[in-house]
Structures are given as structure tokens and as C-alpha cells.
Amino acid sequence: MMAMMMGVAMGDIVDKTCKQTPDYSLCLSLLRSDPRSSSADTVGLGLILVDKIKALGTETLGQINMAYKTKPMLKKPLDECNLRYKTIVDVDVHTAIIAIRGNPKFAEGAIVDAGVEASVCEGGFPKGQSPITGLTQKMNKICDVTRAIVRMLL
């Protein structure tokens, strides 16, 4: 019974937190899909979302590598995206993880940069030819939600 009450109480934290983000439904979906959210505080929720950014960045790098084979004429913008998504996964995520526990302002900057990197990547393709538009849009939305939660820590 106590565990059930704890789960409901923690669920309320997820719900309350997500209501303060720009995309309530996405926030709930991302956080509730991770079992750590049931016992997380706001810092923990932010870290879960940073993990989601890393996972999506890694998935996008995989799609970029496949696109080299199927769309060789897009090599130059794919090279640029490869570099930018590696920056997201290796630099922005790492910075955010460290900063979210210490100085959340730096975490916010890293999350903003991840969204900018994704957008610049997308903008490098000729109109309508990006093979990763859906992933880029998803990255921007997750970054917006993550930034809102990180701002709660400031």
C-alpha cells in the first residue's frame, strides 16, 4: 500500500513537472516510458530527458550512416550532420549531465546547443531532401521539454 502511495506521489511529480513544459504529452510519454521517473526528483527527471537526447542522437547518427549508402549525392550535408550529431551525443549530453547536478545554467546552454546543432544540420540539406527531418524535429521538441525542466532547477 505504501509503495502504491509513493508511486502515485511520484507520478504527481511527473505530471506537475510536465505541465510546466511546452509539450505536456511528449513530456509525459518520455518520462513515463522510463522506470526511473517513478522515484526521481526534478534533477532526476532532467537526467532522464538528457538520456533521451543521447538515445535520439545515437539513433540519428545510425540513420545518417545508412543515408550515406542510399543518398550518396547528399554526402556533404550528411558529413555536416554527422559532425553535429556527434557533438550532441559526445559534448552536449556530457556537459548537461555534469552541469544538471552542479550548475544547471550550463546544462541549459548544452541543451539549447543540442537543438541548434540539430537545426543547423537540417538546414544544410537542399529543400525537401533531408532523410532525417522527422528525427530532427523530434530532437528539437525533446530539447524544448528538457530545457523547460532544467530551467526549473535555476
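Rules of the game
Residues numbered from 1 in each chain as written. Predicted model: local features only at pLDDT ≥ 70, side-chain atom pairs only at ≥ 80, totals over all residues. Heavy atoms only, no water. UniProt positions renumbered as here; feature names shortened; annotations may be inferred. Core = buried A, V, L, I, M, F, W, Y, C linked by side-chain atoms within 4.5 Å. Buried < 20%, exposed > 50% of the residue type's maximum accessible area, 1.4 Å probe, protein only. Helix = DSSP H or I, 4+ residues; strand = E, 2+ residues; numbered from the N terminus. Axes fitted to C-alpha atoms, helices over the stretch in contact; angles between N-to-C directions. Parallel < 35°, antiparallel > 145°, perpendicular 65-115°, else oblique. Left-handed = near helix turned anticlockwise from the far one by under 90°. Contact = heavy atoms within 4.5 Å. Nonpolar A, V, L, I, M, F, W, Y, C, P; charged D, E, K, R; others polar. Salt bridge = Lys/Arg side-chain N within 4 Å of Asp/Glu carboxyl O. Disulfide = S-S within 2.5 Å.

Under an unreviewed UniProt entry, the protein chain has the name Pectinesterase inhibitor domain-containing protein and belongs to Brassica napus. As its UniProt record puts it under Sequence similarities (unreviewed entry), the protein chain is described as follows: "Belongs to the PMEI family."

What to know about the nonpolar core
The biggest cluster of nonpolar side chains holds 43 residues, and the ones touching the most others in it are Leu31, Ile53, Tyr85, Ile88, Phe125, Ile132 and Met139. At the level of elements, helix 1 (2-18), helix 2 (24-32), helix 3 (42-70), helix 4 (75-101), helix 5 (104-123) and helix 6 (133-151) are the ones that each hand at least two residues to this core. The element that contributes the greatest number of residues to this core is helix 3, accounting for 10 residues.

Focus: the packing of helix 3 against helix 6
Geometrically, a packed helix pair is captured by the angle between its two axes and the distance between the axes. Orientation of helix 3 relative to helix 6, taken along the N-to-C sense of each, is 165°, at an axis distance of 10 Å. Taken together, the axes of helix 3 and helix 6 are roughly antiparallel relative to one another. Between helix 3 and helix 6 the crossing geometry is left-handed. Residues Thr42, Gly46, Leu49, Val50, Lys52, Ile53, Leu56, Gly57, Glu59, Thr60 and Gln63 of helix 3 touch helix 6, and the partners they reach there are Leu135, Lys138, Met139, Ile142, Cys143, Val145, Thr146 and Ile149. Broken down by class, the residue content of the contact of helix 3 with helix 6 amounts to 10 nonpolar, six polar and three charged.

Quick look at the pattern of salt bridges
It is possible for side chains bearing opposite charge to pair when their charged atoms get close. Summed over all chains, the structure comprises nine salt bridges. Across the pair Lys105 and Glu108 runs a salt bridge whose closest N-O atoms are separated by 3.1 Å. Taken together, the residues Lys105 and Glu108, both in helix 5 and three residues apart, mark about one turn of the helix. On the basis of relative accessibility, which here comes to 3%, the residue Glu108 falls in the buried class. What emerges from the salt-bridge pattern is a single network uniting Lys105, Glu108, Arg147 and Arg151.

Considering the state of the cysteines
Taken as a whole and assessed by the stated rule, the structure comprises two disulfides. In this model Cys18 forms its disulfide with Cys27; the gap between the sulfur atoms is 2.1 Å. As the torsion about the S-S bond is roughly -70°, the Cys18-Cys27 disulfide counts as left-handed. Here Cys18 matches Cys27 in class, with each residue buried. Across the disulfide from Cys81 sits Cys121; the S-S distance is 1.9 Å. On the S-S bond that ties Cys81 to Cys121, the torsion sits near 100°, and the link is right-handed. Here Cys81, found in helix 4, pairs with Cys121, found in helix 5; they are 40 residues apart in sequence, far enough to count as distant. Pair check on accessibility: Cys81 and Cys121 agree, each one buried. The connectivity of the disulfides in the protein chain is 1-2, 3-4, where the numbers refer to bonded cysteines in sequence order. Among the cysteines around Cys143, which has no disulfide bond, Cys121 carries the closest sulfur, lying 13 Å off.

Re the environment of Gly123
Structurally, the position occupied by Gly123 is in helix 5. By relative accessible area, Gly123 is classed as exposed at 59%. Residues Gly123 and Tyr85, spaced 38 residues apart in sequence, show a C-alpha to C-alpha distance of 14 Å.

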